[in-house]
Each structure stands twice: as C-alpha cells, then as structure tokens.
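Chain by chain, the residues run as shown.
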Amino acid sequence: MLGTQLSPTDYWQFKHDEEVPLQLARLSANAIHVDIDPTSLEQGGVASAGGATILADVSSACGALLTKISPSVGGDGAKVVATAKQLSDDPAAMSSNMMWDFEDEKSGGHQISKTLDALRAALPDDVPLVSDVTRIGYTALSLYESHSPNTFIYPVGTTSLGYGLPAAIGAATGFEKKKPVALIVGDGGLQMSIQELATAVEEELPILMINWNDGSYGEIRRNLPDFATVLPKPSFAELCAGYGIKHIQTRDSDGVMEALGSTDVSALLSGEGSGPIMIEVCREWDRGVEPLTDSMEEVKAWPTSVPKVINWR
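Position labels on residues start from 1 in each chain and follow its written sequence. At least 70 in pLDDT is required for a residue's local features to be given in this predicted model, at least 80 for side-chain atom pairs to be given and counted, and no such filter applies to totals for whole chains, interfaces and linings, which use all residues. Calculated side-chain values reflect all of the structure's heavy atoms, with hydrogen atoms and water omitted.

### Observations concerning the overall build of the chain
(1) Moving on: Helix and strand labels come from DSSP, where a helix needs a run of H or I of at least four residues and a strand needs a run of E of at least two; each type is numbered from the N terminus. Helix and strand counts for the chain stand at 15 helices and eight strands.
(2) Moving on: Looking at the chain as a whole, 41% of its 313 residues are labelled buried.
(3) Moving on: Within the chain, contacts between residues at least 6 apart in sequence are counted, and of these 66% link residues at least 24 apart. Remark: exposure states derive from per-residue accessible area (1.4 Å probe, protein chains only) relative to the maximum for the residue type, with buried under 20%, exposed over 50%, and partly exposed in between. The contact criterion used throughout is that any non-hydrogen atoms of two residues lie within 4.5 Å.

See the structure below:
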C-alpha cells in the first residue's frame, strides 16, 4: 500500500473500525505500507495486523521494492506491476470495485472513463487537473494518468464536497503567470461553492470546468435514495451567462471530446485564453449495480487462513 492514509472516507462502504481491520488481518504478513508520514503508518493499522511498514518517500521505496521483487517474478517486477494495474483498470474490474457499470458503452461509468481519456489527450502534461468529490473524480483516482508532480489535485481522506472550484482557483492563482487549470466537478459539489465563479471571472482565470450534471448527489443517492439526494437542476447555461462565462453543453464523452477541440477551449489550454469555460455534461443518474454475493456477515465468518476476494459486481 503506497502512500495511502487508509482513511475511513476511503472505505465508506465498510464499518471502518470493524471491517477494515478485518481485511488487514487477512493480509497479515503479506501487507506492506509505505508512507513518508509516520502518523499515517501508525493509523493505518498494517503493523498491528502483522504486516510491515516502511517510512520513506514512495518514489524512492518503489525503486528498491522493484529490485527486490524482480527475482521472484522472472526478473521484471515493473512488468508485473504494469500488468496488475492493467487488470485493475479493466472495465469489469472497475465495475466490481466502484459498483457502477463501466462495461456498457451507454453507461455512466463508461462515459466517465472515455471523458477522462479525452481530457488526458487534450491537457498538456503540466496542466493540473483538480477534482471535487464526485463519481468522475473517484474514477480519475484510478484511470487518470498524471505525468508531472502536482498535476492531479484531490481532497484525499476528507471527502469535502465543494472543494473543487476553490481549489482550482487556488491552483490557477498559485502560478507566477496565469496558467490553465482543469476541474472535474459534479453539479452537487459545484453548487456548494458556486459563488466562487465570480472570483474566477474577476481574476480572468483560465479554468476549464467539466461539470458532470446528474441532478443529484449521485454516489450518496445510490445508498440513501430518499435522503435529500435529488437536487433541483438549475440552468447552468443561464448561470454562466450571468457571470459572462463561456458555456458548452453536451450529453456524452463524444460531445466532451468535440468541446475540447473547439477554438475557445483550445485557446484556454494553450495559455491564450482569459477567463473560465464550463463544459456541462448532462447525464441521467446511473444507479449502478448492487453487491453480487457475500454480505459482510459472511465475510466475517471466513477462516483467517483462507484468502478470499469480496466479489462486487
């Protein structure tokens, strides 16, 4: 486990104090936790479950770990790691882990992954992508390739809805010269800090906003459908017009790809634009899929000596 805080918010589908330690106990001596922060290593619980902890910078530790791993896997540890990453990013695996559909081309998960592909192709390597707490952001944690330091910015371990727009403004103003910044955000999170659009306009910040609009707190809605999770759908086109922001509306990843190639967006991403642009992706809410088999009570009953994978569809 590399650089993870093992935060309760990263395991929201579990009862953290009961079930996360259970999974760590099953890994026992097979678990290695690497982090530069000793507090994260202590709170993670890997050592108390019988695993090993390494206090180090992850990039330095990975080189040493690959050297140690390579002889046991035929001499090419990097290839094994790349294969494992490819398997975990497979649409079926993503559907299992994220619990919504990445396999059907019309599904929200598939459209999200294609949108992230389009963003990766369009954004220069040094342009930061800021993420709010949103389904497209959760997916970006796995699928978006960050090619330079500090070019993927996410509120790790806090799940702070509304973080995205202020963070994008902070990233844009942090450069000596105004530099493009991209933002992925849901309609719910955006409305928590939407007044900051005024700042982006006033400072003429080149922020490209991808607003994934499903009219709800989509991930919460899947678990608590009746708990105030459906939102009124404001007209983001009219809101943008009121602020003087260029607005592009589409319904799928093909439309996002087309918008990214437009004259205005291309100018912004090349550093020649001034002021923010919003690409709004209007989607129906995707409920996703339910757990396929084992309940957590069944998981607790497994013998600790027998490894088992929780199979989520």
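### What to know about the layout of surface pockets
(1) Moving on: Here the term cavity refers to a set of points on a 1 Å grid, laid over the protein atoms alone, in which a 1.4 Å probe fits but cannot get out; the term pocket refers to an open set having protein on both sides within 12 Å along at least five of seven lines, with lining residues being those that place an atom within 4 Å of a point. Grid points are joined across faces, edges and corners, and a volume is the space filled by probe spheres set on the points. The computed volume of the second largest pocket comes to approximately 250 Å³.
(2) Moving on: Lining of the second largest pocket is provided by 15 residues; of these, Asp89, Ser113, Lys114, Asp117 and Leu143 occupy positions nearest its centre.
(3) Moving on: Of all elements in the fold, only α5 (91-98), α6 (108-122) and α7 (135-143) reach the threshold of two or more residues within the lining of the second largest pocket.
(4) Moving on: For the lining of the second largest pocket, the element with the most residues is α6, which contributes six residues.

### Some words on the pattern of salt bridges
(1) Moving on: Between Lys or Arg on one side and Asp or Glu on the other, a salt bridge is scored when a side-chain nitrogen of the former is within 4 Å of a carboxyl oxygen of the latter. For the structure on display, the rule yields three salt bridges.
(2) Moving on: The salt bridge partner of aspartate 126 is lysine 179, with a shortest N-O separation of 3.5 Å. Of this pair, aspartate 126 sits in the loop between α6 and β3 (129-131) while lysine 179 sits in the loop between α8 (164-173) and β5 (181-186), and the two are 53 residues apart along the sequence.
(3) Moving on: We note a salt bridge from aspartate 264 to lysine 246, for which the minimum N-O separation is 3.5 Å. Taken as a pair, aspartate 264 in helix α14 (residues 263-269) and lysine 246 in strand β7 (residues 246-250) lie far apart in primary sequence, 18 residues in all.
(4) Moving on: Given the relative accessible area of 38%, aspartate 264 is considered partly exposed.

### What to know about the packing of aromatic side chains
(1) Moving on: Here the aromatic set is Phe, Tyr and Trp, taking the six-membered ring for Trp, and pairing holds for ring centres within 6.5 Å; pairs whose planes are under 30 degrees apart are stacked, those over 60 apart are edge-to-face, and all others are tilted. As enumerated under the stated definition, the model contains two aromatic pairs in all.
(2) Moving on: Note on phenylalanine 152 and tyrosine 154: the rings are 6.4 Å apart at their centroids and 5° apart in plane angle, and the pair reads as stacked.
(3) Moving on: Ring-pair connections join several aromatic residues into one group, and the members of that group are Tyr144, Phe152 and Tyr154.

### A word on the sheet that holds strand β8 (residues 277-282)
(1) Moving on: Strand order in this open sheet of six strands is β4-β3-β5-β6-β8-β7, and the pairing throughout is parallel. The open sheet terminates on both sides in strands that have one partner only, identified here as β4 (152-153) and β7.
(2) Moving on: Pairing between strands is defined by DSSP: at least two bridges between them are needed. Judged from the two bridges that link them, β3 and β4 form a sheet pairing that is parallel. Counterpart to valine 130 in the pairing with β4 is isoleucine 153.
(3) Moving on: Note on geometry: axes are C-alpha line fits, over the in-contact stretch for helices, and angles between N-to-C directions span 0 to 180 degrees. On the sheet, α7 packs against β3, β4, β5 and β6 (207-213) and is oriented at approximately 125° with respect to β5.

### Considerations on the nonpolar core
The tendency in soluble globular proteins is for nonpolar side chains to be buried as a group.
(1) Moving on: Counting 29 residues, the largest nonpolar core has Leu119, Leu123, Ile184, Leu208, Leu260, Val265 and Ile279 as its most contacted members.
(2) Moving on: Sorting elements by how many residues they give to this core places α6 first, with four residues.
(3) Moving on: Once residues within four sequence positions are removed from consideration, leucine 123 is found in contact with Leu129, Tyr144, Ala182 and Leu269.
(4) Moving on: Among buried residues, those of type Ala, Val, Leu, Ile, Met, Phe, Trp, Tyr and Cys that are joined through side-chain atoms within 4.5 Å constitute a nonpolar core. Membership of the second largest hydrophobic core comes to 21 residues, among which are Ala168, Ala172, Val185 and Ala200.

### Overview of a nonpolar patch on the surface
(1) Moving on: In this analysis, a patch consists of residues with relative accessible area above 30% that form no salt bridge, clustered at 9 Å for like charges and at 5 Å for the nonpolar side chains Val, Leu, Ile, Met, Phe, Trp and Tyr. Each accessible area is a Shrake-Rupley estimate made with a 1.4 Å probe; only the visible protein chains count as cover when residues are assessed. Where nonpolar side chains cluster on the molecular surface, the patch consists of Ile220, Leu224 and Phe227 and spans about 300 Å² of accessible area.
(2) Moving on: We classify leucine 224 as partly exposed; its relative accessible area is 42%.

### Section: the side chain of arginine 120
(1) Moving on: For arginine 120, the location among the structural elements is in helix α6.
(2) Moving on: The definition of a polar contact used here is a pair of N or O atoms within 3.5 Å, where within protein one atom must be able to donate a hydrogen and the other to accept one, and adjacent residues in sequence count solely through side-chain atom pairs. Within the structure, arginine 120 has its side chain in polar contact with the backbone oxygen of leucine 123 (distance 3.0 Å).
(3) Moving on: In contact with arginine 120, other than residues within four places in its own chain, are Asp125, Tyr144, Glu145, Ser146 and His147.

### Considerations on the pairing of strand β2 (residues 52-55)
(1) Moving on: Summarising the sheet, strand β1 (residues 32-35) and β2 pair through four bridges and their orientation is parallel. If you follow isoleucine 32 over to β2, its bridge partner there is alanine 52.
(2) Moving on: Call a crossover right-handed when, viewed with both strands pointing away from you, the route from the first strand across the helix to the second goes clockwise. Crossover connection from β1 via helix α2 (residues 38-44) to parallel β2: handedness right-handed.

### Comments concerning unusual backbone geometry
Peptide bonds are mostly trans, and most non-glycine residues show a negative phi.
(1) Moving on: One non-glycine residue, asparagine 150, lies in positive phi territory at about 60°.
(2) Moving on: Looking at where asparagine 150 falls in the secondary structure, it is placed in the loop between α7 and β4.
(3) Moving on: Phi is positive for glutamate 204, which is not a glycine, with a value near 55°.
(4) Moving on: With respect to the element layout, glutamate 204 can be found in the loop between α10 (197-202) and β6.

All quantities given are derived from atomic positions and should not be read as evidence of function.
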